[in-house]
Amino acid sequence: MTAKISFTLNGKPWTGNVHPLKRLLDTLREDAGLTGTKEGCGEGECGACTVFLDGQVVMSCMVPTCQAEGKKVTTIEGLVSDGDLHPMQDCFIQEGGAQCGICTPGMIMAAVAYANDPDSAEDMREALAGNLCRCTGYTRIYESVKKAMEKMSVSEIR
Amino acid sequence: MSRAVSDTPIRRSSDTSQFKSVGKNPPRKESREKVTGKAKYIDDLTFEGCLYGKTVRSTIPRGKIKKITFEPGVPWEEFTVVTAKDIPGKNVVALIEMDQPFLVETEIRHMAEPIALIAHPDKGLVEKALTKVRVEYEELPAIFTIDESLSGRNIQRGRDNVFKKYHIQKGDPAPVFSRPAIVVIEGEYWTGPQEQLYIEPNGVAAVATPDGVTVWGSMQCPFYVQKGLKPLFNLPDDKIRVIYCVTGGGFGGKEEYPTLPAAHAALLSWKAGGRPVKIIYDRMEDMWATTKRHPCRTRVKTAFAKDGKLLALQVDATMDGGAYLTLSSVVLSRGTLHAFGPYACDHVTIDTRAVFTNSPPYGAFRGFGAPQTIFPLELHMDRAADRLGIEPHELRLKNILHKGDTMATGQKMEDEMDIEGILKKAMTESRYLEKRKSHREHNRTASPVKKGIGLSLFFHGAGFTGSGEVFLDSRAGLEITPAGTVRILTANTEIGQGSFTTHSQIVAEALRIPYEMIEVAPPDTAVVPNSGPTVASRTCMIVGELLRRAADDLRDLLIRSSGLSNNGYGPDEFRRAASAHAEKNGVTRVYAKYKPPAGIHWDDQTYTGSAYGAYAWACYVCDLETDLTTYQVEVKDFVAVQEVGRVIHPVIAGGQIEGGVAQALGWALYENVVLKQGVMQNTQLTNYILPTTADTPPIRVFFYENPYPNGPYGAKGLGELPMDGPAPAVASAVAFSLGGKFISSIPILPENICEILK
């Protein structure tokens, strides 16, 4: 049983025939071909599948695709504009915030959400506590986010 | 719970201004793909006509298979089904011993053991079908603990259930214990299993026909997979091709294990006439079925003079190996060779064994047995200090190894070393003495939050143990590309530790060309030489040195044959010479082969000699609080000081230490593998607790650099080192916070603290 579901994906309209209860994660990866969003646990604990739904951070493994109907979905692929990396991506490269890289897309999405609205969490630790990383011990991730937030405060936040 | 993110720069001691690449922090070779989501992990690859495979696993720990029924309600005629009788060659994993089947034939030896394989193009239908495979068993009595294994009542392996034993003897401790005026201290310690918990679960894809087998996957060691699959299909090396995909963490969990799913996917593809088959474990299957860190019980007995001099040391350690040998004998070896710590002692015996139980095999995990024996010795040193009335750091200072001393193996410390300097640096940076005093004062107040600080002193041997590197006989190579740049050819995988980058820096330095002119061939057994597995903190030190030597030869070749100036050249001159050479001679590759450093001798029979060519030395300090209302421990500050030869890339090296410390804090405080019938029960991230940002303290990293003559530009291995030191430092600090009440097993959970305070 499939249904026609439409939403805005990284700024462009997207329509597909998918089961309404298919996980948004699978729709993004299998139907939209965007494999930057990762699955680490399938139960909303690890944050590797973090995307924005109408600007809000969600775990796409916990969201049925029908909930995205008519909304705006942003994935890691949507952070690049005209080939330019988002400052957060750039700082993860410069500061060593990515090691094995599997948590990185989700971590960057959570970090961008925090950088865009620092009042959304008490501090960086709380903001990123839903995203597990097994490689870094988080230290280089903090350095990356701090640097990006400095850059973003002087450039246009997008 | 909220804490500010403090500044945690990586500090280092040496001047590397003479280098152009080494010691710098260029962006990682693969990081742009990783931050944009373009990096292709195994599950991101699509294969035309792909089938999705699932593994039918045993639900009893031991017994015989009576019958397998494929129940109705599933269109079985559309499925590919494989059992042991479909295997074209030998049904055995080729590793140290040939004792583990790919699929059970008759007797099940542990829970979650693979019995049958099913595959179908519809992923959802495969999951449903898995519930419709019914296996009937005849159950047999099983054993789940070290004591049950050694009791002699249920022998399932050899004569005594013992996979392997080691003995190290230096002097004779026994008579020392009866000397007068000595202090004898005994203790028993326990370290629990730990799940590697790479965030990307195990996954592979395979295409298999009688013409050859190709495997793609998440893995550390492509040549291990190749070796494992050859007897399965009766095919020669060149017909088994194994291709590494970007790998989302390994930590040892993708060292030997991927051979199993790789074989399973290949068997399904073989049966399906060569259609591609993908097997991606979900988190629960990965945690339920795959390897974990060996649990270990250790008894330590020491004799000290009243002034704290260590007179005799006896260590007796037993690891649970699970139901098949896999790598247990070598994990045990490394545990044995780290059991005596960085101390000089004339009378030492170390006795260790790995035993059989009906648990899924325990396997490689960062540190590889060393953390399991370092924890008991270091915590024992703290208990001894407490008994002797000597400060823990002073007890260590009285006994540390100096240049010219010999280890328990008889290995003489020939290189310059400064363990004392490392210890003192860690004490200074952590304000150790000041905090011991102020914490003691604080703990006398009525506050329910008690404070503790503790340290650990340890080493980690880099590279394969003993003669291991000689047997590996590794080769690494460099290739000149038509564009006049240089491509690295090794089997060593990038699993997050930064090897593509550090190798590129080493080659760039040796060739005196920019880092950007170096690329890395993705490890593929059809393309790269076998430079050995990506394990044992050997990739930078051993393989890096092979690459440095290959680079020297490549440069000499271009000087001899293509007019590269012997008196310095710029990048463009190098590019011109290299591309001219490639045009004239076609593809040019230069290889270097492993040569053991002079003066390294090891005797496998007596366990004497130089167990490792190089050791990294470290002192870690943990500062924490124990809340007596909730019994929760919160680590407030962590200082990691280490000597690792030369730091090739400070940010990557620092990242290794920080990540290893966090992983070890998890082992010490949170990660409790709950076993029932030998198998993990809490197979979810909701009930197996990893350190999050909220749990991980600021980790302050300091590198001492003391270049090692046989490592590239002086580098030694460091990847496993940070797994060794945190647990004893945590346990020591917890004991301090509890007024000297020691908890001798990890993880230290709130209920353990509650228990000891009763």
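Residues numbered from 1 in each chain as written. Chains lettered and ligands numbered in written order. Predicted model: local features only at pLDDT ≥ 70, side-chain atom pairs only at ≥ 80, totals over all residues. Heavy atoms only, no water.

## A closer look at the sheet that holds strand 21 (residues 588–593) of chain B
Residues and elements named next belong to chain B. Quick reminder of the rule: A pair of strands is treated as paired once DSSP finds two or more bridges between them. Segments assigned H or I by DSSP are reported as helices when at least four residues long, segments assigned E as strands when at least two residues long, and all are numbered from the N terminus. Axis angles are defined between N-to-C directions and span 0 to 180 degrees, where every axis is a line fitted to C-alpha atoms and, for a helix, only to the segment in contact. Any two residues whose heavy atoms approach within 4.5 Å are treated as being in contact.
One open sheet holds the 4 strands; their spatial order is 20-19-18-21, and the pairing between them is mixed. Bordering the open sheet on either side are strand 20 (518–520) and strand 21, each of which pairs with just one other strand. For this sheet, the mean inter-axis angle between neighbouring strands, taken without regard to orientation, is 25°. Relative to strand 21, strand 18 (residues 475–480) runs antiparallel, the two being bridged by 6 bridges. For Glu-479, the partnering residue across the bridge sits in strand 21 and is Arg-589. Lying over the sheet, helix 14 (residues 499–511) contacts strand 18, strand 19 (486–489) and strand 20, oriented at roughly 145° with respect to strand 20.

## Focus on the domain arrangement of chain A
All names here are of chain A. Put simply, the test is: For each domain, the first and last residues come from an automatic or database assignment. By buried area we mean the combined loss of accessible area, with a 1.4 Å probe, across both parts when two parts are placed together. We define a salt bridge as a contact between a side-chain nitrogen of Lys or Arg and a carboxyl oxygen of Asp or Glu at a distance within 4 Å. In protein, a polar contact requires one atom able to donate a hydrogen and another able to accept it; more generally it is a pair of N or O atoms within 3.5 Å, and residues adjacent in sequence count only if both atoms are side-chain atoms.
Structurally, chain A comprises domain 1 (3–79) and domain 2 (87–153). Spacing between the C-alpha centres of domain 1 and domain 2 amounts to 21 Å. Between domain 1 and domain 2, the residue contacts involve 15 residues of the former and 12 residues of the latter. Counting the surface lost from both domain 1 and domain 2, the interface buries some 1100 Å², and carbon and sulfur atoms represent 71% of this. Three residues stand out in domain 1 for area buried against domain 2, namely Phe-52, Ile-76 and Leu-79, and they jointly supply 40% of the buried area on that side. Where domain 1 packs against domain 2, one counts 0 salt bridges. The interface formed by domain 1 and domain 2 includes 3 residue pairs in polar contact (both at pLDDT 80 or more).

## Thoughts on the domain arrangement of chain B
All names here are of chain B. By the assigned domains, chain B splits into domain 1 (1–8 + 416–467 + 604–758) and domain 2 (474–593). Taking the mean C-alpha position of each, domain 1 and domain 2 sit 36 Å from one another. Contact residues are listed per partner, giving 20 residues for domain 1 and 20 residues for domain 2. Overall, the association of domain 1 and domain 2 removes approximately 1400 Å² of surface from exposure, summing both partners, and the carbon and sulfur fraction of that is 69%. Contact with domain 2 buries area across many residues of domain 1, yet Ile-648, Pro-712 and Tyr-713 alone supply 36% of it, more than any other trio. Our enumeration of links across domain 1 and domain 2 arrives at 0 salt bridges. For the pair domain 1 and domain 2, the interface holds 4 residue pairs in polar contact (both at pLDDT 80 or more).

## Considerations on the packing of helix 15 (residues 539–561) of chain B against helix 16 (residues 571–585) of chain B
Residue and element names in this part refer to chain B. Note the threshold: The scheme is simple: roughly parallel for angles under 35 degrees, roughly antiparallel for over 145, roughly perpendicular for 65 to 115, oblique for anything else. When residues are grouped by polarity, Ala, Val, Leu, Ile, Met, Phe, Trp, Tyr, Cys and Pro land in nonpolar, Asp, Glu, Lys and Arg in charged, and all others, Gly among them, in polar.
Remark: helix 15 packs on helix 16, axes separated minimally by 10 Å, with the N-to-C direction vectors making an angle of 80°. The angle between helix 15 and helix 16 places the two elements in the roughly perpendicular class. Residues Leu-557, Leu-558 and Ser-561 of helix 15 touch helix 16, and the partners they reach there are Phe-574, Ala-577, Ala-578, His-581 and Lys-584. Classifying every residue of the contact of helix 15 with helix 16 gives 5 nonpolar, 2 polar and 1 charged.

## As for the packing of aromatic side chains
The geometry of an aromatic ring pair comes down to the distance between the two centres and the angle between the two planes. Residue and element names in this part refer to chain B. For the record, the criterion: To pair, rings of Phe, Tyr and Trp, with the six-membered ring standing in for Trp, must have centres within 6.5 Å; the planes then decide the type, stacked if under 30 degrees apart, edge-to-face if over 60, and tilted in the middle. A 1.4 Å probe rolled over the protein chains alone gives each residue an accessible area, and that area as a share of the maximum for its type sets the label: buried under 20%, exposed over 50%, partly exposed in between.
Counted by the stated rule, this structure contains 19 aromatic pairs over all chains. For the ring pair Phe-340 and Phe-459, a centre distance of 6.1 Å and an interplane angle of 40° mean the geometry is tilted. Taken together, the residues span a long stretch of sequence, with Phe-340 in the loop between helix 8 (328–337) and strand 16 (347–356) and Phe-459 in strand 17 (residues 449–462) at a distance of 119 residues. Comparing Phe-340 with Phe-459, the two get one shared label, buried. A ring pair is formed by Trp-602 and Tyr-607, whose centres lie 4.9 Å apart and whose planes are at 75°; its orientation type is edge-to-face.

## A short note on helix 9 (residues 370–388) of chain B
Selection rule: Any helix carries an expected span of 1.5 Å times its number of residues minus one.
Compared with the 27 Å implied by 1.5 Å per residue over 19 residues, the 27 Å span of helix 9 of chain B between its first and last C-alpha is a close match. Positioned one or two residues after helix 9 of chain B, B:Gly389 has a phi angle of 70°, which is positive.

## Some thoughts on the sheet that holds strand 2 (residues 12–18) of chain A
Residues and elements named next belong to chain A. Taken together, 5 strands build an open sheet; the order of strands is 2-1-5-3-4 and the sheet is mixed. Only two strands of the sheet have a single partner each, and these edge strands are strand 2 and strand 4 (56–59). This sheet shows a mean twist of 40° between the axes of neighbouring strands, independent of strand direction. As defined by bridge partners, strand 1 (residues 3–9) adjoins strand 2 across 7 bridges and the pair is classed as antiparallel. Looking across to strand 2, one finds that Ser-6 is bridged to Thr-15. On top of the sheet, helix 1 (residues 24–31) reaches strand 1, strand 2, strand 3 (50–53) and strand 5 (72–74); it is set at about 100° to strand 2, its chief contact.

## Topic: the interface of chain B and chain A
Counting from both sides, the interface comprises 59 residues of chain B and, opposite them, 47 residues of chain A. For the pairing of chain B and chain A, the buried interface totals around 4200 Å² over both sides, and the portion due to carbon and sulfur atoms is 54%. The interface formed by chain B and chain A contains 26 residue pairs in polar contact (both at pLDDT 80 or more). Within the residue set of the side of chain B that touches chain A, elements represented by two or more residues are helix 1 (31–36) and helix 17 (650–669) of chain B. At 7 residues, helix 17 of chain B tops the list of elements feeding residues into the side of chain B that touches chain A. Of the residues in the side of chain B that touches chain A, the class split is 23 nonpolar, 21 polar and 15 charged.

## Considerations on the environment of B:Gly49
Considering the arrangement of structural elements, one finds B:Gly49 in the loop between helix 1 and strand 2 (51–57). The partly exposed category is assigned to B:Gly49, whose relative accessible area is 35%.

## Some details on the pattern of salt bridges
Taken as a whole, this structure holds 54 salt bridges over all chains when the rule is applied. Between B:Arg575 and B:Asp572 there is a salt bridge; the shortest N-O distance is 2.9 Å. Taken as a pair, B:Arg575 and B:Asp572 lie in helix 16 at a separation of 3 residues, close to a single helical turn. Exposure remark for B:Arg575: the relative accessible area of 32% places this residue in the partly exposed category. Through salt bridges that share partners, A:Arg29, A:Lys38, B:Asp43, B:Asp44 and B:Lys278 make up one connected network.

## Thoughts on the nonpolar core
Put simply, the rule is: The set of buried Ala, Val, Leu, Ile, Met, Phe, Trp, Tyr and Cys residues whose side-chain atoms join them within 4.5 Å is what this entry labels a nonpolar core.
Judged by nonpolar contacts, the single largest core of 113 residues is most densely connected at B:Trp617, B:Tyr620, B:Phe703 and B:Val734. Counting 51 residues, the second-largest nonpolar core is a separate cluster that includes A:Ile76, A:Ala110, A:Val112 and B:Val246.

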